[in-house]
Amino acid sequence: MTVRVQAGDFDIGAEIAALTRGNAKAGAVASFVGLVRDTNEGAGVAEMSLEHYPGMTEKSLEAIVGEARGRWDIMDALVIHRIGPLRPGDTIVLVAVVGAHRGEAFAACEFIMDYLKTRAPFWKKEKTPEGERWVDARESDDEAAERWKN
Amino acid sequence: MTVRVQAGDFDIGAEIAALTRGNAKAGAVASFVGLVRDTNEGAGVAEMSLEHYPGMTEKSLEAIVGEARGRWDIMDALVIHRIGPLRPGDTIVLVAVVGAHRGEAFAACEFIMDYLKTRAPFWKKEKTPEGERWVDARESDDEAAERWKN
Amino acid sequence: MSVRILYFASLREALGQASENIALPAQVANVGQLQAHLAARGETWEALSKTKNLRVAVNQQMAAMDAPLKDGDEVAFFPPVTGG
Amino acid sequence: MSVRILYFASLREALGQASENIALPAQVANVGQLQAHLAARGETWEALSKTKNLRVAVNQQMAAMDAPLKDGDEVAFFPPVTGG
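Conventions we followed
Residues numbered from 1 in each chain as written. Chains lettered and ligands numbered in written order. Predicted model: local features only at pLDDT ≥ 70, side-chain atom pairs only at ≥ 80, totals over all residues. Heavy atoms only, no water. Contact = heavy atoms within 4.5 Å. Buried area = accessible area lost by both parts, 1.4 Å probe. Salt bridge = Lys/Arg side-chain N within 4 Å of Asp/Glu carboxyl O. Polar contact = N/O pair within 3.5 Å; in protein donor to acceptor, adjacent residues only side chain to side chain. Helix = DSSP H or I, 4+ residues; strand = E, 2+ residues; numbered from the N terminus. Nonpolar A, V, L, I, M, F, W, Y, C, P; charged D, E, K, R; others polar. Axes fitted to C-alpha atoms, helices over the stretch in contact; angles between N-to-C directions. Left-handed = near helix turned anticlockwise from the far one by under 90°.

*Asks:* What is the right way to look at the interface of chain D and chain A in this model?
*Replies:* Interface extent is often summarised as the accessible area lost during association of the parts. Every contact between the two is made by 20 residues of chain D and, on the other side, 26 residues of chain A. Between chain D and chain A, a total of about 1,800 Å² is buried, with carbon and sulfur atoms accounting for 57% of that surface. Contact with chain A buries area across many residues of chain D, yet Gln60(D), Thr82(D) and Gly84(D) alone supply 38% of it, more than any other trio. Along the contact surface separating chain D from chain A lie 2 salt bridges. One salt bridge in this structure joins Glu51(A) and Arg12(D), with 2.3 Å as the shortest N-O distance. At the junction of chain D with chain A, the criterion picks out 15 residue pairs in polar contact (both at pLDDT 80 or more). Those elements giving two or more residues to the side of chain D that touches chain A turn out to be α1 (9-15), β4 (61-63) and β5 (74-78) of chain D. With 4 residues, α1(D) is the largest single contributor of residues to the side of chain D that touches chain A. In terms of residue class, the side of chain D that touches chain A is made up of 10 nonpolar, 7 polar and 3 charged.

*Asks:* Looking at this structure, how should I read the packing of helix α1 (residues 12-20) of chain A against helix α1 (residues 12-20) of chain B?
*Replies:* A pair of packed helices is characterised by two quantities: the angle between their axes and the separation of those axes. Relative to each other, α1(A) and α1(B) sit at 145°, their axes nearing to 6 Å. Remark: the crossing between α1(A) and α1(B) carries right-handed chirality. In this structure, α1(A) contributes Ile12(A), Gly13(A) and Ile16(A) to the contact, and α1(B) contributes Ile12(B), Gly13(B) and Ile16(B). In terms of residue class, the contact of α1(A) with α1(B) is made up of 4 nonpolar, 2 polar and no charged.

Shown next, in the form of structure tokens:
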């Protein structure tokens, strides 16, 4: 299980290859990449910056991945989250989950993303033509995380 | 929408980058990679080879992706499936789906994989210590495809 | 009428043949009748009636056993798919 | 007892401060009491009682308003998270 917080970009193919290297029981990798969009809530976004809570960030991501491993029969998982200034089109986050079969890998990957969105201490600030603004939390993210409680 | 059938490997990062390039409305890429495992149904697998039905393969993959686009609000999708001889650890398939938000990208990606597993004309043959054998279809794959009918 | 027939995977191996062109007698008008007609040739051809969950495609689209045939169709028989 | 307090994102900007160390009066024993104590300092500090859905972490774990505090704790206040 690997969790990284970094300013630089990541190479998805190399990360997935490293995650499965030497594990010939791995049959499935479900992954997710989040990207900076040039529009949010009706305003143009020229740049974004991501603030986080060093220390808690890593702990919370590890706890989320640990919870996923407790729920599903998965072999390994990786979370990389970028911080600092980003531009439209840039990657923000990578979540990749390895399992023997696809069903559990997909579920765990989506679960990790939903929990990351509501529990990991990151905050986005956008530069728009009207100035800078902190992004508001989305109710739909709370709902997405809620549904795993059953 | 891109569908490719090829003998060679693919670069996941480059494929995802190409899929989102110039699309600054894209916020989410859900993807799946299938790998050759060294064991299947209790026997060791030294090598595998994938046969397909040229012409129908591409049509069926395009139909599956088209159905996903009709069901979910996604922007683009990519399916690459390898054919010919493969070894444990080798990639078999890549499915990547781009959307504005993650929920629809995840659902469409999983749907495409489930339909591909039951509708796209590929057949796996394994080399085991006991000789060559054609892989049997899994009931769990039929069940996975069934659940999208609701 | 004539159709082109393709066989894949374990069925192709069992039949020792990947494809054939065949002129059909008048009473063979759909996929199921074609399957029975081919299997009735005996010996290894019985694999066509013995393959579990045999699948059929007509002109590269999945088809049911009662799908009608017309001159020039491409008909493929194969076991359940196992890609991905 | 003394605690270390951290502020993040919009709350950090509203308060013009990222962290502080503070000695607590005896009646401040949990997170909610700490929040009220800090907000009672007036002016910009009222942001602590006005931030919608204010979140709190104690020693880098999400905590509820009734979570108890002990000497040396690291307490962080911040708005709902928006990463990913």
